[in-house]
Every structure is written in C-alpha cells, then in structure tokens.
Amino acid sequence: MERREKRAAVYIRVSTESQRDEGYSIDAQKELLEAYCISRELKAREFYIDGGFSGSNIERPAMAKLISDIRRGEISHVIVYKLDRLSRSQKDTLYLIEDIFNPAGVVFISMNENMDTSTPIGRAMLGIMSAFAQLERETIRERTRMGMQERVKNGYWPGGGKIPFGYDYDKTKGILVPNADAETVQKAYELYLAGYSTDRIAEMLGLRYEHLALQILKRKTNAGYIVYNGVEYKGRHEPIISLETYEKTMAAMQERSRRPISGGGYLLTGLLVCGKCGAKMRYQKWGKTDCKIVCYSSDKSKRHLIRDPNCDNKRHSAWEIEDIVLKDLFALRVQGTKTSGEKAESVLEMLRGQENGAKAKLRRLYDLYGDSGDEMLLETISAQKKTLAALSRRLSEEEDIQKKADEIRKTRKEIEKIRESWPLFSVEEKKKVIRSCVEKIVITDDVVDVYYTFDV
C-alpha cells in the first residue's frame, strides 16, 4: 500500500464552556487556521476537530486519530489556534510534543502564541506556555474546591457523587432529605446494637451486600453531619439517627474488632476457597467429634455466597487439611546462597556506575551546548537522555528485585524460628502467623494448593 503524502494537521478543540466565547468556535478557529496554512504554503492539510471535549486530558476521538496518523508517518505539522486547544495539562502537552510529535519529526505550531517548535525560541516558549496553562487550570480547580468547602461549612450538601442510602438530594434547598429507606437505616443500627453481624443485618433487611450494611453503619451523615475531605461539619439536613446512637455503634464496632478471630480453634477460617466453583469454604461440625471443610455453595442458608448450587467438590476432614497446610508452610526453606546475593549486589554496583557515568556525560553535553549553542548537540543530548532513562529504569527494577529477595529470605528465616516454637503458641497466635503467611488455600477434590503472601 502506497503511503499518503505528508500533510499538515490542523487541530481544533472546543469545550462546552468555550463554544460561547468569541474566537473559540469551530468555524472561527477553522477560518483563521486555514488562512495561516495558506500563508505558510502548507497546501496538503487535514482538519482534526474535537467538539465538546475538555482539555483536561487527551482522551478525544480526533486526538486519537491524529496520534495514529503521526505514528504512521503521515503528518509533517500540527497547527493549533492556541496552546490550550491542544491540552490544558502541562503533563499532556509535554507528552504530545516530546513523545509523539518530536520523535516523528513533526513541527508543532501555535498560531496565537506565535510558537514554532522548529525554532530554538519556539521550543523554549513551549515549556513556559504549558506551565501557565496548567497553572490556570489548577487555579480554577482550587477556587472550585474552596467554594465547595465553604458550602459544606455552612451545612449544605456538596452535591455530586453518590447520595447516601436513606436520603434524597433536594437541589433547590441544597440539602439531604430522608426518603423511604430511612427506616431501613434506623433498623440497621438497632440490629447491630442488639448484637447482630453485618452479614445477618444485610440478609434481614434485604440489602444486596454485607458491605452496604457496614457502609450505612459507619456513615456519620445519618447523625446529621457532613464529612468533607476528612473534616466533619454540622449539616442542615434532618438526622435519621441520634448522635448518641451513632457513637454507641462505633464503640460497639471497635469492641468487636478487638475480639479474638472467630472460628474457635479453627486455624484456616476465611482462607479456604473452592477450586471448582470459586466459592468460599468453611468448617462444618460432623458428628460429635469430627469436622469437615465444605463449600458454601452447598450451604443454602447463605444464598449470597453460593456460586454453583451443583458444586460437587469433595468434603475433607478439617484436621487433615490443617495438617497439610502446616506441613507445606514448614517445608519452606531459605533459598538463595551468599554467592547469589553477592552476584546481585555486583550487578547493582555495575548499574549504579553506568548511571553515574551517563549523568556525568549528560552534564558535559549541556555545558557544551550552553557554551556553543550548537543545535547539532541537541540530538546527542536527546539520545543520552534516553540512555540514562533506560539505565535508571533497569536499576530501579534490579533494586526492587533485590529488595523482594531480601524480604523473602527474611520471611523464610522467621518461619524456621516459628516452626521450632509452634507447639508453645496459643490458638490465636497460630491464626495470626498463618494469616501473615498464607493468602488463600484452594481445595479441588483431593488437591490442596497453598498460596502465600510472599514468593516461594
């Protein structure tokens, strides 16, 4: 397929707000930019127009097509009416110029600022103008945030976002108004203070998820307050519950969190997963003395935990499963030798040396450019920056690998110590150890797979 002739890309963006502003309409920009192209004798040109898109990011259809055409080598120039038509984000602007336009040899021109990246002064002006565009956007955002905070201080709901369960939002008054679900909210607090779990509360009140019950209980909005950016303000809305009820609930929640982990002497509660249907598994008493590990899909009392009502995963003795997991945990050995550790350290030293050398070379190149102004050096500087970036990435990766390896060795040594003292641990201490080491245990018929919180 024959490649199309390179052409000038005339990019136009109009946000919803700026369509009403003089000089920013699509037609106005198009007319001015077309005249500019004629004056520069850029005959082959194509318009890329994003109508009604914000400049806060570059996720726009015409922009996506423009980037694609540039990468295919079809564009010689990118021309905009004003710099902020390209983007209002300094980060995005520099990304487009340095990572998309420059590598493809594309000249960027902003007509309003008389900026042309084919000239040294145009490149210098780019950084300055991008910074001011970003500053303007951040200033508007800060003013909006301050206005919202002042609104909340006066007791009004900030608006936007998700309205709390049990309330509707009255836009006219700017406050929350209790709705038909307010009674459900009240009952949730009553049941929790009566000793019911959030799981049971969700089931009794017909809430879809246990997490929703927990969200309701923790939300101080129900007691007449608004929490905004971590700060509490007295709201103008009608409370669903009293502040006393809320505080009693939080105290009860804290007290329950301090209680020992549920499950009696069961060591693996909360870690067991069915390998056939993906549901959780649990301990189930079996006769007077035995206990089995069973899939929740076979437990009709907790419908929300059922994944496959026809799941036929085998049931095993809980004590056998616990024994398998403990043997697997204590079978882990400290891997890696002093030699491998020294080798990894020598690699890090080599990379650090290469990085320091690359930095020194880049500084010398900048000094030469500052003294001579030779633009031929810019290409060498760009190549050196890429080399330095690649070295820095590799060094960072190696450091992460070494750090992770050190953590693994340390964890395995700790496991060796724990193994010796295991018979002296209490049930609760054993549970804490297992939960710190084991992420999950997947049981598929006769196969038990133990997944650890660290690499093995």
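Data block above holds the structure.
These numbers were taken from a predicted model, which means no experiment stands behind them.

Trainee: When you look at the sheet that holds strand 12 (residues 290-295) in this model, what are you seeing that I'm missing?
Mentor: Backbone-to-backbone hydrogen bonds join strands into a sheet, with any given pair of strands oriented parallel or antiparallel. Sheet architecture is open: three strands sit in the order 11-12-13, paired in antiparallel fashion. Bordering the open sheet on either side are strand 11 (281-286) and strand 13 (316-317), each of which pairs with just one other strand. Across two bridges, strand 12 lies against strand 13 in antiparallel orientation. By the bridge assignment, Ile293 is partnered in strand 13 with His316.

Trainee: Whenever I open this one, the sheet that holds strand 1 (residues 7-14) confuses me. Can you help?
Mentor: A sheet is described by the order of its strands in space; here five strands give the open sequence 2-1-3-4-5, paired in mixed fashion. Every interior strand has two partners, whereas the edge strands, strand 2 (45-51) and strand 5 (115-116), have only one. With seven bridges joining them, strand 1 and strand 2 adopt parallel strand pairing. Considered in strand 2, the bridge of Ala9 is made with Glu46. Sitting on the sheet, helix 1 (residues 26-39) touches strand 1, strand 2, strand 3 (75-80) and strand 4 (107-110), and the angle it makes with strand 1 is about 160°.

Trainee: Would you take a moment to explain the nonpolar core for this structure?
Mentor: The nonpolar side chains of soluble globular proteins are, as a tendency, buried together. Core analysis: the biggest nonpolar cluster contains 33 residues, and Leu268, Leu272 and Ile441 have the highest contact counts within it. Elements that contribute at least two residues to this core include exactly strand 10 (272-274), strand 11, strand 12, helix 10 (318-330), helix 13 (427-437), strand 14 (438-444) and strand 15 (447-452). It is helix 10 that contributes the most residues to this core, six residues altogether. In contact with Leu268, not counting residues within four places along its chain, are Tyr283, Ile321, Glu322, Val325, Ile434, Arg435 and Ile441. Counting 25 residues, the second largest nonpolar core, distinct from the first, contains Ala182, Ile240, Ile241 and Tyr246.

The rules behind the values
Residues numbered from 1 in each chain as written. Predicted model: local features only at pLDDT ≥ 70, side-chain atom pairs only at ≥ 80, totals over all residues. Heavy atoms only, no water. Pairing = 2+ DSSP bridges. Helix = DSSP H or I, 4+ residues; strand = E, 2+ residues; numbered from the N terminus. Contact = heavy atoms within 4.5 Å. Axes fitted to C-alpha atoms, helices over the stretch in contact; angles between N-to-C directions. Core = buried A, V, L, I, M, F, W, Y, C linked by side-chain atoms within 4.5 Å. Buried < 20%, exposed > 50% of the residue type's maximum accessible area, 1.4 Å probe, protein only.

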